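# Analysis of the macromolecular model
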Amino acid sequence: MKSALALAAIAALLASTPAASQIVSPPDPDPLPPPLHAPNGRFAAKGWADRIVLTPAADAARGAAVAWRTNTEQTTAEAQIAEEIDGPLLGFAAVTVQGTTHAIANENGAANYHQARFNDLKPDTRYVYRVKAADSWSEWIPFRTAKEGFAPFRFVYLGDTQNDILEIGSRVIRSALKEAGPAALVLHAGDLVAQREVKVHDDEWGEWTEAGGRAFAMTPQIPAPGNHEYVDHILPDGEESRLLGPHWSRQFALPDNGADKAKDTTYFVDYQGVRFIVLDGTAAIDLGASESQTAWLDNALATSPAKWNIAVFHQPIYTCARPDDTEELKAAWKPIFDARNIDLVLQGHDHCYGRVSNPDGAEASRANSDAGLPQGPVYVVSVTGSKMYGLNDRADTQPVRAAENTELYQLIDVEEGKLEFRAYTATGRLYDAFTLIKGDDGRNRLVESTESLLALRRCDGEQGPDNRPCTAEIKD
């Protein structure tokens, strides 16, 4: 749902737009109005810990990390961890861990972000931890380390949240976590926040962490950066550039194993026979980090001990909304994905849904599936939040499944010989489903689901698929 101001502008535009048009978003005002700021200091730091987010170590069976925020009275990072027990004396054998603290100052005043890393943990073990703030410790928060070696598990994949995070996007995040049951991980394909499009930036991060709540503190998160995690930056010569926003490196305590020119935003995690490889498309396209990431990606796949390999990044190789694919990334990364037989490529950015399992199109993909021929990797784009883009001219032929004006979440079940993918709409209806079966040759056969899927969701001119106006903006 857009703001009241945006909805009024859309209504005015609809009244003056021919019926065949689908372009319903008003042009960006110039200058932009000042971003909205939550009243009464809602997202200001207090004397207790908030924005607690758990992340996995590179070896998720033996480590994890936590980041949290406090007011400036808490000047050091201090956490405690213990193996979980059935009784109440959780702190009896707890170990205190010292971490790092980094100050931040913004629209909500000064605050401190803290990080602590839990190393040398036992595989497949339940732990509890708590973090310190000036007024009190947090509650004890449980989590479980990964098993050593391969074991089946489920994870959640979410596209862009970005706008109306708490108002609209939160219900999709919470529905995904509810329906997933014991999900082991949550993956985010970038643009977690909007970077001052409508609201002040620190409020956006407050909304994002509140949307996930303590689930983000109990279930390890694997975030990829989007272009909206960056801020505009003017170089001394007047040229426009980008800088990574101040929250990213403070909010996420990520593994330190990424590409040299994108150390803060690229990394990989090994979890129960899956290697998750996180890339940074913005740094590759705009900041000269393509060559560094490409070499790192190739090595991460070449040395992977995993049964399954999954890449996560923001700008999609095959777009569902934009007229052209992301050619810089396609030229650099697709040959490696093909050569190394990566299994899944999970992306965001396009604010629509699209699944491409054969670049030659849906018909070729189905023919290969029917014949039991190898194919892949499978490229997916999805969206969690309220901002919507219209499908491009290829949406009827290239993706096997596509949708616009639709919020979705994805549940992926990993087994030793197969990977089952299911995409659900915000109301929990199955929209797309397929299975990858790993052959003895290391190649995947894709089996389309025989389950009943929701009808294709498309706009018809100004009419959206929910008997509401279409808000999917056409990209050009």
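To keep things clear, this report deals only with the structure shown in the data block. (Residues numbered from 1 in each chain as written. Predicted model: local features only at pLDDT ≥ 70, side-chain atom pairs only at ≥ 80, totals over all residues. Heavy atoms only, no water.)

## Structural notes on the overall build of the protein chain
Just so we agree on the cut-off: Helix and strand definitions follow DSSP, with helices as H or I runs of at least four residues and strands as E runs of at least two, each counted in order from the N terminus. Burial here depends on accessible area, computed with a 1.4 Å probe over protein chains only, as a share of the maximum for the residue type. Under 20% is buried, over 50% is exposed, and the range in between is partly exposed. In this analysis, two residues are considered to be in contact whenever any of their non-hydrogen atoms come within 4.5 Å of each other. His is not counted, nor are the chain ends; Lys and Arg add positive charge and Asp and Glu add negative charge. Charge positions come from single atoms, namely NZ of Lys, CZ of Arg, CG of Asp or CD of Glu.
Check the secondary structure of the protein chain and you find nine helices and 24 strands. Along the longest, intermediate and shortest principal axes, the C-alpha atoms of the protein chain span 65 × 60 × 50 Å. Buried residues in the protein chain amount to 57% of all 476 residues. Intrachain contacts of the protein chain at a sequence separation of at least 6 include 70% that bridge at least 24 residues. Measuring between centres, the 45 positive side-chain charges of the protein chain sit 5 Å from its 67 negative side-chain charges.

## Quick word on the sheet that holds strand β23 (residues 430–438)
Our working rule: Between any two strands, pairing holds if DSSP finds at least two bridges. Under this scheme, a helix contributes an axis fitted over its contacting stretch, all axes are lines through C-alpha atoms, and angles between N-to-C directions fall in the 0 to 180 degree range.
Taken in spatial order, the seven strands make up an open sheet running β11-β10-β9-β21-β22-β23-β24, and their pairing is mixed. Taken across any chain shown, the strands that pair with only one partner, and hence form the sheet edges, are β11 (221–223) and β24 (444–448). Looking at each pair of strands side by side, their axes are set apart by 20° on average, direction ignored. In terms of strand pairing, strand β9 (residues 153–158) meets strand β10 (residues 185–188) through four bridges, oriented parallel. Looking at β10, one finds that Phe-155 is bridged to Leu-185. Helix α2 (residues 165–180) contacts β9, β10 and β21 (408–414) of the sheet and is inclined by roughly 30° relative to β21.

## Some thoughts on the pattern of salt bridges
What counts here: For this document, the term salt bridge refers to a Lys or Arg side-chain nitrogen within 4 Å of an Asp or Glu carboxyl oxygen.
The final tally for this structure, using the stated rule, is 35 salt bridges. For Asp-256, the salt bridge identified is with Lys-263, shortest N-O distance 3.6 Å. In this structure Lys-263 comes out as partly exposed when scored by relative accessible area, which is 35%. Close ionic contact of Asp-350 with Arg-322 constitutes a salt bridge, the shortest N to O distance being 2.7 Å. Here Arg-322 lies in the loop between β16 (308–312) and α8 (327–339) and Asp-350 lies in the loop between β17 (344–347) and β18 (353–356), a separation of 28 residues in the sequence. Through salt bridges that share partners, Asp-50, Arg-51, Arg-69 and Asp-202 make up one connected network.

## Quick look at the sheet that holds strand β7 (residues 126–131)
In space, the four strands of this open sheet follow the order β4-β3-β7-β8, with antiparallel pairing throughout. The two strands at the open ends of the sheet, each matched to only one other strand, are β4 (95–98) and β8 (141–144). Between one strand axis and the next, the sheet turns by 30° as a mean value, whatever way the strands run.

## With respect to the environment of Arg-250
Selection criterion: The term polar contact refers here to a pair of N or O atoms within 3.5 Å; inside protein, the definition further demands a hydrogen-donor-capable atom paired with an acceptor-capable atom, and it admits residues adjacent in sequence only when both atoms are side-chain atoms.
Here Arg-250 shows up in helix α5 (residues 248–251). With relative accessibility at 24%, the residue Arg-250 sits in the partly exposed group. Put simply, Arg-250 and Thr-397 are 147 residues apart on the chain and 42 Å apart in space, counted from C-alpha to C-alpha. A distance of 2.7 Å separates the side chain of Arg-250 from the backbone oxygen of Pro-246, its partner in a polar contact.

## Some remarks on the state of the cysteines
Here is the rule we go by: Note on terminology: pairs of cysteine sulfur atoms within 2.5 Å are recorded as disulfides.
Here the structure, examined in full by the defined rule, presents two disulfides. With a sulfur-sulfur separation of 2.0 Å, Cys-320 is cross-linked through a disulfide to Cys-352. Between Cys-320 and Cys-352, the disulfide has an S-S torsion of 100° and is therefore right-handed. You can see Cys-320 sitting in the loop between β16 and α8 and its partner Cys-352 sitting in the loop between β17 and β18, a full 32 residues away along the chain. This pair shows no difference in class: Cys-320 is buried, exactly as Cys-352 is.

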